[in-house]
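# Close look at the chain arrangement
Next come the chains, spelled out residue by residue.
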Amino acid sequence: MTEMTFAKAMNAGLRRAMERDSKVVLMGEDIGKLGGVFRITDGLQKDFGAHRVIDTPLAESGIMGTAIGMAYRGYRPVIEIQFDGFVYPAFDQIVSQVAKLHFRTLGRVRMPITIRIPFGGGIGSPEHHSESPEAYFVHTAGLRVVSVSNPQDAFSMIQQAIACDDPVVFFEPKRRYHDKGDVDESAGLEGPAGLGMDAARVAAEGTDVTLIAYGPLVKTCLDAAVAASDEGVSIEVIDLRSLSPVDYPALEASVRKTGRLVIAHEASQTAGLGAELAAAITERCFYYLEHSPVRVTGFDVPYPNSRLETLHLPDLDRILDGVDRALGRPNSLSGSEEGEE
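What counts, and at which threshold
- Residues numbered from 1 in each chain as written.
- Predicted model: local features only at pLDDT ≥ 70, side-chain atom pairs only at ≥ 80, totals over all residues.
- Heavy atoms only, no water.
- Helix = DSSP H or I, 4+ residues; strand = E, 2+ residues; numbered from the N terminus.
- Rg over C-alpha atoms; globule rule 2.2 N^0.38 Å.
- Buried < 20%, exposed > 50% of the residue type's maximum accessible area, 1.4 Å probe, protein only.
- Core = buried A, V, L, I, M, F, W, Y, C linked by side-chain atoms within 4.5 Å.
- Contact = heavy atoms within 4.5 Å.
- Axes fitted to C-alpha atoms, helices over the stretch in contact; angles between N-to-C directions.
- Parallel < 35°, antiparallel > 145°, perpendicular 65-115°, else oblique.
- Left-handed = near helix turned anticlockwise from the far one by under 90°.
- Nonpolar A, V, L, I, M, F, W, Y, C, P; charged D, E, K, R; others polar.
- Pairing = 2+ DSSP bridges.

### Section: the overall build of the protein
Counting its regular elements, the protein contains 12 helices and 14 strands. Over its C-alpha trace the protein gives a radius of gyration of 20 Å, about what one expects of a compact globule, namely 20 Å for 341 residues. Projected onto the principal axes, the alpha-carbon positions of the protein cover approximately 65 × 45 × 40 Å. Residues counted as buried form 57% of the 341 residues belonging to the protein.

What follows is the structure, given as structure tokens:
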């Protein structure tokens, strides 16, 4: 095991994928000499050359279109969208072409493209630099969508995404880039726990409430589980990892055990991924649920400026309040000191 930051684990995973397959090519704005604004690709152009780590113009649609052409020619392009809010100029290419070409050609053409997107808030960025656009891509058939939450998954899952013959939208929580954790660099593509890219992970076992999160909020939910244990509440934290497809068997097993479900994400609540998860789990586990699913999310507003950002992002207190709602305990919506709201 080697202790690494999330960012270093991403860099190591990209390096391993490039060593494994000479058809892996990285493209993006300032990813070469600079190493990217978050230094995820630091040193890779020096070691692999400018023909494999390509500094592109500031044109996301052009980057995406080039990646499609390269995939047609047998390459495995990995493109970096510098910030989450910059993906929208490439949105048409992704949802109209990348997601549909395999289906449209009856399987003759594959699109092994990995689209890396640093996402979420928490670093005090200006407008267009803090977004949570995952629901747009989850809704689009033909795309795999994943989000990593820790250095080990960053190292393993970026390699799995690049090796996948399907297009993968790879969300990286930018406020976790400096978090440290142990990484098993000797693990194969399945990672040290033998988990594929489409599998959810039980991050903390519990018996009273199932708490589902992904990306930046997994760490916050683990902190919530520790805090709740001081009051005798046992929370099972599930790291979703794959947002599309969803590992519903793992979620069902947890909810059938606990009988209660809380879902947390930074994106706005309306039509967010939490709504789909709540509906799907209710359909699958209706007779096991002792309370309706609870969502703890960002508000239905654009990401606010950095001074107000902490009010928008679900924090420890808001998540614990959601747990109280699921347990029927006094909470911010109950309006009284006892009983359910």
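### What to know about the nonpolar core
Residues Met64, Ile113, Ile115, Phe137, Leu240, Leu251 and Leu277 are the most contacted members of the largest nonpolar core, which totals 48 residues. Setting aside chain neighbours within four positions, we find Ile115 in contact with Met64, Ile79, Ile81, Ile94, Val168, Val169 and Phe170. Ranked by size, the runner-up nonpolar core spans 31 residues in total, among them Leu14, Leu44, Val168 and Tyr177.

### Here we look at the packing of helix α1 (residues 6-20) against helix α7 (residues 151-163)
Packing of α1 against α7 brings their axes to within 8 Å, and their N-to-C directions diverge by 30°. For the element pair α1 / α7, the angle class is roughly parallel. In the crossing of α1 with α7, the sense of the turn from one axis to the other is right-handed. Where α1 abuts α7, its residues Phe6, Ala9, Met10, Ala12, Gly13, Leu14, Arg16, Ala17 and Arg20 lie against Pro151, Ala154, Phe155, Ile158, Gln159 and Ile162. Here the residues of the contact of α1 with α7 are counted per class, giving 11 nonpolar, 2 polar and 2 charged.

### Regarding the environment of Tyr136
Note that Tyr136 resides in helix α6 (residues 134-138). Between the alpha carbons of Tyr136 and Gly272 there is a distance of 8.9 Å; along the sequence they are 136 residues apart. When sequence neighbours within four positions are dropped, the list of residues in contact with Tyr136 reads Tyr88 and Phe91.

### Concerning the sheet that holds strand β6 (residues 144-147)
Strand order across the open sheet formed by 7 strands is β3-β2-β4-β5-β7-β6-β12, with mixed pairing between neighbours. Either end of the sheet is taken by a strand with one partner, and the two such strands are β3 (53-55) and β12 (242-244). When the angles between neighbouring strand axes are averaged without regard to direction, this sheet yields 20°. Sheet topology places β6 next to β12; 2 bridges connect them, and they run antiparallel.

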